[in-house]
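Inside the fold
This is what each chain is made of:
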Amino acid sequence: MSTARTHKDLIILKVILASGLYPQVAIADEYNTSETVKEPLFHVKDKGFVSLHPFSVFTSRSELLTLKENEIVDPPIGVQLPRHTVLGTNHQLLVYMSLLETNKPFLVNPLRLPALPTLLLFSSSIETNSDLTHLVFDSWIEVQSLPMNQTDVELCVRTGIRIRTSWTRLLDYQLKKVLLTAVAWFCSRAPVVILIFNSPLWRNCSTCNTAPRNLVFCCFFSPHFSF
């Protein structure tokens, strides 16, 4: 099994996973920072107050999901923040594989990612005001910044859009290359596939007998044969 050898490799792996999992994203409840909270809760687009799966690493190490002391910023003089709102430089969110619903909903296989870069790269829509102090992603996640940081926010948004465009082009190129490789591979094995179609194995296949048009799919996905 291949492993990430450098921090850059790890970032690339996270970007690839995030591009496949988004928009399955969860944001932390604002009261998670309270000392009286025993279990951190999260919100997804269509459901609130979702718990972490008991076997998740974040369940036993919830401190991984909170801001470190050096990432917390004191609000400027005269700026009043809502209660339980923390001003920070590295807010995070979770993308997850699935939502398991038993007696209560659980996030399954969550992956921790920096909030703003992830939203800038993968959100379907971005709405903002004129000074970029409010950014709304996919009509439900709002990111606020201080007015005095407008230049930094504008640079961040421009950089995010540029990286997003480059990533989309790279992804399209790789997918087209994989598709062409798959077509070439299939064509080179066409005689083998024809023999399979005429073999007793497929004539006796219940799927093929009931739905002949599914013969190709039966050929590729049957556990009785592999190329």
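Refer to the structure presented above.
Residues numbered from 1 in each chain as written. Predicted model: local features only at pLDDT ≥ 70, side-chain atom pairs only at ≥ 80, totals over all residues. Heavy atoms only, no water.

For the rest of this paragraph, the subject is unusual backbone geometry. Tyr 22 connects to Pro 23 through a cis peptide bond whose omega is 15°. Position of Pro 23 relative to the elements: it lies in the loop between helix H1 (7-21) and strand S1 (25-28). Even without being glycine, Leu 132 reaches a positive phi, approximately 60°. Looking at the secondary structure, you find Leu 132 in the loop between strand S8 (126-128) and strand S9 (134-137). Take Leu 132: its relative accessible area is 14%, and that puts it in the buried class. At Ser 139, a residue that is not glycine, the phi angle is positive and equals roughly 65°. Inspection of the secondary structure puts Ser 139 in the loop between S9 and strand S10 (141-144). (Helix = DSSP H or I, 4+ residues; strand = E, 2+ residues; numbered from the N terminus. Buried < 20%, exposed > 50% of the residue type's maximum accessible area, 1.4 Å probe, protein only.)

With that out of the way, let us pick up the sheet that holds strand S3 (residues 47-52). If you walk across this open sheet you meet the seven strands as S5-S6-S3-S2-S1-S4-S7, and the pairing is mixed. Each end of this open sheet is capped by a strand with a single partner; those strands are strand S5 (98-101) and strand S7 (111-114). Direction aside, neighbouring strands of the sheet carry axes that sit 45° apart on average. As judged from the three bridges shared by strand S2 (residues 41-44) and S3, these two strands associate in the antiparallel manner. Within the sheet, the bridge partner assigned to Phe 42 lies in S3 and is Val 50. Each of strand S4 (92-95) and S7 is contacted by helix H3 (residues 115-122), which is oriented at about 90° to S7, the strand it contacts most. (Pairing = 2+ DSSP bridges. Axes fitted to C-alpha atoms, helices over the stretch in contact; angles between N-to-C directions. Contact = heavy atoms within 4.5 Å.)

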